[in-house]
Amino acid sequence: MMPRHTPFCSKPVLVAIGLASLCTSALAAGGDTNAIFERYKNRIVQIRVLEASSGARALIGSGFLVSEAGHIVTSYHVVSDLVHKPTHYRAEIVHHDGTTGPFTLLSFDAVHDLAIVQTNSPKHPYLELHTQPLGQGVRVFSLGTPLDLGFTIVEGTYSGLLADSLHERIHFTGSINAGMSGGPALTSDGRVVGVNVASAGNQVSFLVPAKFVRQLLDNTLLPDHKADAPALERLRVQLMANQNRYMEKLLARPLTTTVLGRYRLPGKIAPFLKCWGDSEHKKDKLYQTTSWDCSAQNYLYISRSQLSGTLNFSHELVTSDVLDRFRFFALYQEFFAQDAYAPRADKEDVGKFNCMTDFVTQNDLTFKAVLCLRAYKKLPGLYDAVLKAATLNDNSQGVLTTLTLGGVSFENATRFARQYLGSIAWAK
Amino acid sequence: MGEMIVIEILDPAGRVRERTRHERLPVTIGRSYQNDVILDDPYISPQHLSLNRDERGEFSAVDLQSENGVFLYPSLKRVEQAALGHETLLRIGRTCLRICTPAHAVASTVIDQSGPHTSRPFLNSAWIFAGMMALTAVVIVLEGYGATYTRVRLVTLLLPALLVVAALSGWAGLWALASRLYAHHSSYFAHGVIAGLATTSLYLLGTVHAYYSFAFSASLSGALLQYTGVTIILGLLLYGHLRLCVLHSPKSLAAIACVVAALIVSLSGLTSYVYTSEFSDDLRYPAQLKPLAFKMVKSATLDDFIERAQGLKSKVDRQAQEE
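Criteria and thresholds
- Residues numbered from 1 in each chain as written.
- Chains lettered and ligands numbered in written order.
- Predicted model: local features only at pLDDT ≥ 70, side-chain atom pairs only at ≥ 80, totals over all residues.
- Heavy atoms only, no water.
- Disulfide = S-S within 2.5 Å.
- Helix = DSSP H or I, 4+ residues; strand = E, 2+ residues; numbered from the N terminus.
- Pairing = 2+ DSSP bridges.
- Axes fitted to C-alpha atoms, helices over the stretch in contact; angles between N-to-C directions.
- Contact = heavy atoms within 4.5 Å.
- Salt bridge = Lys/Arg side-chain N within 4 Å of Asp/Glu carboxyl O.
- Polar contact = N/O pair within 3.5 Å; in protein donor to acceptor, adjacent residues only side chain to side chain.
- Nonpolar A, V, L, I, M, F, W, Y, C, P; charged D, E, K, R; others polar.
- Buried < 20%, exposed > 50% of the residue type's maximum accessible area, 1.4 Å probe, protein only.
- 1 Å grid on protein atoms, 1.4 Å probe; cavity = no way out; pocket = protein on both sides within 12 Å on 5 of 7 lines; lining within 4 Å.
- Points joined across faces, edges and corners; volume = space filled by probe spheres on them.
- Domains from an automatic or database assignment.
- Parallel < 35°, antiparallel > 145°, perpendicular 65-115°, else oblique.
- Left-handed = near helix turned anticlockwise from the far one by under 90°.
- Phe/Tyr/Trp six-rings, centres within 6.5 Å; stacked < 30°, edge-to-face > 60°.
- Lys NZ or Arg CZ within 6 Å of the ring centre and 35° of its normal.

**Structural notes on the state of the cysteines**
Residue and element names in this part refer to chain A.
- Per the counting criterion, the structure on display carries two disulfides over all chains.
- A disulfide bridge connects Cys-275 with Cys-294, and the sulfur atoms are separated by 2.0 Å. Looking down the S-S bond of the Cys-275 and Cys-294 bridge, the torsion is 110 degrees, so its handedness is right-handed. Of this pair, Cys-275 sits in strand E17 (residues 273–281) while Cys-294 sits in strand E18 (residues 288–296), and the two are 19 residues apart along the sequence.
- Here Cys-355 is linked by a disulfide to Cys-372, with a sulfur-sulfur distance of 2.0 Å. Between Cys-355 and Cys-372, the S-S torsion sits near 105 degrees, and that sign places the bridge as right-handed. Here Cys-372 lies in strand E23 (residues 365–375) and Cys-355 lies in strand E22 (residues 354–362), a separation of 17 residues in the sequence.

What follows is the structure in structure tokens.
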């Protein structure tokens, strides 16, 4: 009953935390790697997030200097504790020579997973940004402090921008490990092409393109930059704008559909979705199922306990020529009662799901439809929504569909749910 | 006959434990084996009390110089000698005695309004019991068949039915034992029929609830239907069993059955409330699916459905604020 390819297995795993596997690093023995490391190591820092009362390390990441004034770029997910629980955590910077110092969080871009912090000890050497795309296969060197093992350099190649991604990412063929998040990926002449952000396993890593660093830095350096708005409010505004942006795109035209049995259902509705299909025909079973799953490959890291920005849906076609109508519906009901995927969150982040159920008739189809909603507590105006529907027109075949939207406004959730259900019809 | 006297030994609750009738006086009472009435109470003297009748025909009780004395109820005054009326209560040692003369008037007869419930030839029949068990088994097999969508194996359908029938037989046995102890007749088959009826009703209630939840997309009223139904069935089950066990009035039995059933159901309701009020990712909605023919309400249009989501939004917003 579960799709064989669970889309979330192939999702990039955030590297700051959680990754325990010690991959053998792809350190090239070449002299230039050593030279690059020696030349730029003083522009790299380790960022430590400490539990405020005990001073114990809660999380480590990397960062790099981008201005003489002590501006440091890192990943949003490295410093997200400072946004969500500023009283529970503090943070410090460790330079390559072991000296430590405090810093302040100036700005962040949760959508592209970037943050800018500033030290108060100026006159640092810093790195330049390279905001233009590189050619595929160009050598790139990623620096950082993996697993708190000290400053390290990893060699790989620039493998182009990720095709079909909701948020632009560079595919980097080196091993980024936990703790390297926020570190720079450099060209051989020492310019930053991207920021280490995520890994999907051996040699498949992701970088945030430097152009987003430039944007964030420019905004931060604007004289009217408002750092005084509460951090959570800034986060909320960013998430709102982001979901408006991609939902606007999705809703701009009718959804692309696919055919499952005698039904037409939403298909690969956007390039950034990955879709999988599968079917099950077993001789000893009295029914057949065909499934279709689509999910966006990106999600947004909000805090250690909460993920957002997810979009996924699945369809299940259930057919039986053998079962009588009562037994068919007993089977069909099992599928309908299955749990839906819900984006990770705990009770400090979201309320409980509430659902409404009704019969809905449209396009000559009658559904049992369920819409469930839960509200974000700290970021008001955002919701997780689950839509489920099962067709009831046939006593030996039916199609069930489940849609999950993580972190969208109510208007977008309902607009999308409307368009989604509205696109389901008999296949002519 | 004129000399006849009745001695009743009472238990602490005042009920008669032993009753002896004496045609000749005096009657002596004590621990010694020479007495007419022998009492094993260690606080009673070997020769404790004597009941006499004087020349004038008056009955009296005389303390035979016992160590612990004779006391008269209700004043509990120690007496050397006491005249006996139609009914006299005495205490000697730790034992309470009632001495009655032939003139003692008994209370008037209580009129039986509950009917002859000690025998129920109709329900307490092996045939009805067998029929009820068969019906229960059939209902369970049918429910099981309707809920399977893999190849049916007879044994997997029959096994739960047989287990339930065995459990019901055991249950009826326990109640029959209670009946035997308190009402002096076991009524085994009647207990079995009552238990079978309740079980079948619970199964049918489950089915009705499933169809109701589907037909009306009802979540709250469906739960209400289920809780009410279970309370009624449990109440009737308990009432039926108790009627066969205890000789109390039907009204008080009904009250007991209602209270116990309501308690059980509210406890289970409370448990499920506690469970569901915990934070979780679970979606709670009536997931029953039945053939479209059982749909009892008009379909909404897509626009109506989406329109109604506004109410859902207000609800989750409120909850997020409260939590």
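There's more to say after this.
**What about the sheet that holds strand E6 (residues 100–109) of chain A?**
All names here are of chain A.
- Read around the closed barrel, six strands run E2-E3-E4-E7-E6-E5, paired in antiparallel fashion. Here the average twist between neighbouring strands, direction ignored, is 40 degrees.
- Of the strand pairs in this sheet, E6 and strand E7 (residues 114–119) are connected by six bridges, and their pairing is antiparallel. Note on E7: the bridge partner recorded for Phe-108 is Ala-115.
- Across the sheet, helix H2 (residues 76–84) lies against strand E2 (44–51), strand E3 (57–65), strand E4 (71–74), strand E5 (89–95), E6 and E7, angled at about 95 degrees from E6, the strand it touches most.

**Notes on the interface of chain A and chain B**
- Contact with chain A, which involves 61 residues of that partner, is made by 51 residues of chain B.
- The tally of links from chain A across to chain B stands at three salt bridges.
- Run the count over chain A and chain B and you get 19 residue pairs in polar contact (both at pLDDT 80 or more).
- For the side of chain A that touches chain B, the secondary-structure elements that each account for two or more residues are helix H5 (325–336), E22, E23, strand E24 (383–391) and helix H6 (410–422) of chain A.
- In terms of residue count, H5(A) provides more of the side of chain A that touches chain B than any other element does, ten residues in total.
- Grouping the constituent residues of the side of chain A that touches chain B by class yields 33 nonpolar, twelve polar and 16 charged.

**Remarks on unusual backbone geometry**
Residue and element names in this part refer to chain B.
- Look at the link from Leu-25 to Pro-26: it is a cis peptide, with omega at -5 degrees.
- Mapping Pro-26 onto the fold places it in the loop between strand E2 (16–22) and strand E3 (27–30).
- The phi torsion at Gln-65 lies on the positive side, around 55 degrees, for a residue other than glycine.
- For Gln-65, the location among the structural elements is in the loop between strand E6 (59–63) and strand E7 (70–72).

**Comments concerning the pairing of E2(A)**
Residues and elements named next belong to chain A.
- Here E2 lies mainly inside the structure; seven of its eight residues are buried.
- Summarising the sheet, E2 and E3 pair through seven bridges and their orientation is antiparallel. Its bridge partner being in E3, Leu-50 is matched across the sheet by Arg-57.
- Between E2 and E3, which pair antiparallel in sequence order, lie five residues; one of them, Gly-55, sits at a positive phi of approximately 75 degrees.
- Of the strand pairs in this sheet, E2 and E5 are connected by seven bridges, and their pairing is antiparallel. For Val-49, the partnering residue across the bridge sits in E5 and is Ala-91.

**Focus: the layout of surface pockets**
- Counted as a void, the largest pocket has a volume near 1,400 Å³.
- If you trace the largest pocket, you find 39 residues lining it, with Ser219(B), Leu220(B), Thr276(B), Arg284(B) and Tyr285(B) closest to the centre.
- Looking at the lining of the largest pocket, the elements with two or more residues in it are E22 of chain A together with helix H3 (188–216), helix H4 (220–245), helix H5 (250–277) and helix H6 (302–322) of chain B.
- Broken down by element, the residue count for the lining of the largest pocket peaks at seven residues, all from H4(B).
- Classifying every residue of the lining of the largest pocket by side-chain character gives 16 nonpolar, 17 polar and six charged.

**A few points about the domain arrangement of chain A**
Residue and element names in this part refer to chain A.
- In terms of domain boundaries, chain A breaks down into domain 1 (6–228) and domain 2 (238–426).
- Domain 1 and domain 2 are separated by 35 Å when their C-alpha centres are compared.
- Listed by partner, the interface residues are 26 residues for domain 1 and 22 residues for domain 2.
- The interface formed by domain 1 and domain 2 includes two salt bridges.
- The residue Asp-81 makes a salt bridge to Arg-304 at a minimum N-O spacing of 2.5 Å.
- Where domain 1 touches domain 2, the interface holds six residue pairs in polar contact (both at pLDDT 80 or more).
- Contributing elements (two or more residues each) for the side of domain 1 that touches domain 2: E3, H2 and E6.

**Topic: the sheet that holds strand E5 (residues 49–53) of chain B**
Residue and element names in this part refer to chain B.
- As summarised here, the arrangement of the five strands in space is E4-E3-E5-E6-E9, forming an open sheet in which the pairing is mixed. Only two strands of the sheet have a single neighbouring strand rather than two, namely strand E4 (37–38) and strand E9 (81–83).
- By the bridge criterion, three bridges tie E3 to E5 in an arrangement that is antiparallel. Its bridge partner being in E5, Ile-29 is matched across the sheet by Leu-49.

**Let's talk about the packing of H4(B) against H5(B)**
Residue and element names in this part refer to chain B.
- Where H4 meets H5, the closest approach of the two axes is 8 Å, and the angle between their N-to-C directions is 140 degrees. Comparing the axis directions of H4 and H5 gives the class oblique. In the packing of H4 onto H5, the handedness of the crossing is right-handed.
- Class assignment of the residues belonging to the contact of H4 with H5 gives a composition of 16 nonpolar, five polar and one charged.

**Thoughts on the packing of aromatic side chains**
- Going through the model one piece at a time under the given rule, you end up with 19 aromatic pairs over all chains.
- On the numbers, 6.1 Å between centres and 65 degrees between planes, the contact of Trp171(B) with Trp175(B) is edge-to-face. Placement of the pair is Trp171(B) and Trp175(B) together in helix H2 (residues 154–183), with a separation of four residues, close to one helical turn.
- Owing to a relative accessible area of 16%, Trp175(B) belongs among the buried residues under this scheme.
- Consider the rings of Tyr188(B) and Phe189(B), whose centres lie 5.5 Å apart with planes at 75 degrees: the pair is edge-to-face.
- Site record: aromatic cluster; members linked through ring pairs are Tyr287(A), Phe335(A) and Tyr149(B).
- Directly above the aromatic system of Tyr145(B) lies the positively charged group of Arg327(A), at a separation of 4.4 Å from the ring centroid.
- Above the face of the Phe359(A) ring, Lys368(A) is positioned so that its terminal group lies 4.1 Å from the ring centre.

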